[in-house]
Amino acid sequence: MSYNNDNQNKIRRRKVNSSNLDSQSLKSISNNEKKEINNIKQNKNQSNCRNNRKRAKTKKKLLNRVKQILVVMLIVLVVISVVGSVFIFAALTNSSKVTKELLEENYISSDVVSKDEIPKYLKDAIVSIEDERFYKHNGVDEISLARSLVNNIFKDTTQGGSTIEMQISKNLLTNDDKTIKRKIKDIYNATSMDKNMSKEDILEVYLNNIYLGKSSYGIEKGARVYFGENVSDLNLAQCAMLAGITNNPARYSEHREAKIRQETILYKMHELGYINDKEYQDALAEEVPFKSEIE
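Residues numbered from 1 in each chain as written. Predicted model: local features only at pLDDT ≥ 70, side-chain atom pairs only at ≥ 80, totals over all residues. Heavy atoms only, no water.

(A) The overall build of the chain, seen in detail. A count of helical and extended segments in the chain gives 13 helices and zero strands. Each helix and strand of the chain, ordered N terminal to C terminal, gives the series α-α-α-α-α-α-α-α-α-α-α-α-α. Counting only residues that meet the buried cut, the chain has 33% of its 295 residues in that class. The contacts in the chain between residues at least 6 apart in sequence include a share of 66% that link residues at least 24 apart. Within the structure as shown, the chain displays about 19000 Å² of accessible surface, and the carbon and sulfur contribution to it stands at 53%. (Helix = DSSP H or I, 4+ residues; strand = E, 2+ residues; numbered from the N terminus. Buried < 20%, exposed > 50% of the residue type's maximum accessible area, 1.4 Å probe, protein only. Contact = heavy atoms within 4.5 Å. Areas by Shrake-Rupley, 256 points an atom, 1.4 Å probe, with all protein chains shown as cover.)

(B) Inspection of the packing of helix α3 (residues 120–130) against helix α11 (residues 255–271) at higher detail. The interhelical angle for the contact between α3 and α11, taken along N-to-C directions, is 90 degrees, at an axis separation of 9 Å. Classified by the interaxial angle, the pair formed by α3 and α11 is roughly perpendicular. Between α3 and α11, the contacting residues are Y121, D124, A125, S128 and I129 on the first element and R261, T264, I265, K268 and M269 on the second. (Axes fitted to C-alpha atoms, helices over the stretch in contact; angles between N-to-C directions. Parallel < 35°, antiparallel > 145°, perpendicular 65-115°, else oblique.)

(C) Region of the structure containing the packing of aromatic side chains. Under the defined criterion, the tally for this structure stands at four aromatic pairs. Measuring from centroid to centroid gives 5.0 Å for F134 and Y135, while their planes differ by 75 degrees, and the two rings are edge-to-face. A ring pair is formed by F227 and F290, whose centres lie 5.9 Å apart and whose planes are at 70 degrees; its orientation type is edge-to-face. Remark: F290 occurs in the loop between α12 (277–285) and α13 (291–294) and F227 occurs in helix α8 (residues 219–227); sequence separation between them is 63 residues. Since its relative accessible area comes to 9%, F227 is described here as buried. Note that K199 overlies the ring of F134, its terminal NZ or CZ placed 4.4 Å from the centroid. (Phe/Tyr/Trp six-rings, centres within 6.5 Å; stacked < 30°, edge-to-face > 60°. Lys NZ or Arg CZ within 6 Å of the ring centre and 35° of its normal.)

(D) Examining the environment of Q238 more closely. Structurally, the position occupied by Q238 is in helix α9 (residues 236–245). Residue classification places Q238 among the buried residues on the basis of a relative accessible area of 11%. Considering only alpha carbons, one finds Q238 and Y226, twelve residues apart in sequence, at a separation of 9.4 Å. Leave out the neighbours within four places in its chain, and Q238 touches F227, E229, D233 and V288. One polar contact links Q238 to E229, side chain to side chain, over a distance of 3.4 Å. (Polar contact = N/O pair within 3.5 Å; in protein donor to acceptor, adjacent residues only side chain to side chain.)

(E) Representation of a nonpolar patch on the surface in the model. Together, L62, V66, I69, L70 and M73 give the surface a local cluster of nonpolar side chains, amounting to about 470 Å² of exposed area. Here I69 lies in helix α1 (residues 3–91). (Patch = residues over 30% accessible without salt bridge, like charges linked within 9 Å, V, L, I, M, F, W, Y side chains within 5 Å. Salt bridge = Lys/Arg side-chain N within 4 Å of Asp/Glu carboxyl O.)

(F) How the structure looks around a positive patch on the surface. On the surface, a cluster of positive charge is contributed by R50, R53, K54, K57 and K61. Along the polypeptide, K54 turns up in helix α1. By relative accessible area, which is 58% here, K54 ends up exposed. (Lys, Arg positive; Asp, Glu negative; His and termini not counted. Charge placed at Lys NZ, Arg CZ, Asp CG, Glu CD.)

(G) Structural detail: the pattern of salt bridges. Tallying each qualifying case throughout the model produces 15 salt bridges. Between E204 and K100 there is a salt bridge, with the nearest N and O atoms lying 3.3 Å from each other. Note that E204 is positioned in helix α7 (residues 199–207) and K100 in helix α2 (residues 100–104), a separation of 104 residues in sequence. Within this structure, K100, K115, D201 and E204 form a network of salt bridges that share partners.

(H) Local environment of α11. Helix length check: α11, at 17 residues, gives a terminal C-alpha distance of 24 Å against a target of 24 Å (1.5 Å per residue), a fit within 8%. Three or more residues of α11 are buried, namely H255, E257, A258, K259, R261, Q262, I265, L266, K268 and M269. Between the side-chain oxygen at the start of α11 and the backbone nitrogen of R256 there is a gap of 3.3 Å, and the oxygen is on E254. Positive phi shows up at G273, right after α11, with a value of about 85 degrees. (Expected span 1.5 Å × (residues − 1).)

(I) Spatial organisation of the side chain of N189. Among the secondary structure elements, N189 is positioned in helix α6 (residues 180–196). Residue N189 is classed as buried on the basis of its relative accessible area, which comes to 8%.

(J) Structural context of the nonpolar core. Ranked by internal contacts, the top residues of the largest apolar core, which has 46 residues, are I164, I168, I219 and L242. Elements represented by at least two residues in this core include exactly α3, α5 (164–173), α7, α8, α9, α11 and α12. No other element matches α9, which puts eight residues into this core. Contact partners of L242, with chain neighbours within four places excluded, come to L122, L212, I219, G222, A223, Y226, F227 and L234. (Core = buried A, V, L, I, M, F, W, Y, C linked by side-chain atoms within 4.5 Å.)

Here's what the structure looks like:
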């Protein structure tokens with residue numbers, strides 16, 4: 001064998017040995033990387049398990065706390081319901097069924113007119129300004145009560161939520177005491193009234209007993225005092241004027257203030273569809289002097 005052949009064989013052996021070493025090194029590095037990756041995965045899995053356990057414990061604690069709060073709230077609601085039921089039962093003890101006959105026994109006014117003698121304009125004016133959902137509710141207007149409650153809590157001004165039936169109860173059957181007991185009685189009387197009487201009969205009772213200032217109770221007496229006429233002869237402008245006085249007789253018995261109030265009532269009647277455009281404009285333009293201003 002020649003010298004050149006030996007050198008070539010040595011070079012090939014070196015290359016083979018070098019290639020084997022590189023391959024072994026790569027395998028070794030690859031195995032180490034795999035171990036490190038596996039270790040990272042194991043650590044990550046362990047960390048996730050710990051986090052999951054912590055979250056589960058936190059969630060369990062939160063659920064237990066919510067359950068405790070709900071139980072306490074339920075107990076409080078039960079106690080309030082029981083106490084409220086006892087209070088309502090006590091407030092309504094000896095309460096009677098409200099009928100037209102019962103109300104007539106307690107009339108304030110002696111100048112009484114029948115529902116057929118009361119102008120439709122006057123009925124519509126009163127409903128528009130005092131209780132616009134009168135024909136829809138059953139004696140108690142939950143919407144007005146809720147609005148009144150919110151207004152009285154969050155504002156300085158007070159706002160009533162009484163329906164016409166509740167006002168009749170206060171005027172003829174209970175009193176002006178600002179107590180929960182009286183309010184409960186008025187609510188009961190109002191719903192009882194609505195069950196046993198027609199809406200027309202309820203309006204008749206209300207209009208015959210409202211206070212209109214100048215020592216006049218009821219619309220018949222009011223029509224004579226302010227206009228020198230029977231209530232059945234009043235026109236739209238006069239009806240709106242008379243209806244407005246009942247809100248605050250001390251203020252609206254004065255003609256200038258009564259005229260401003262009348263315009264508000266006519267607007268409401270027009271808005272709710274009780275009068276048309278022509279009726280609205282004609283009534284606004286009409287002069288409506290009080291009897292005292294003419295004499």
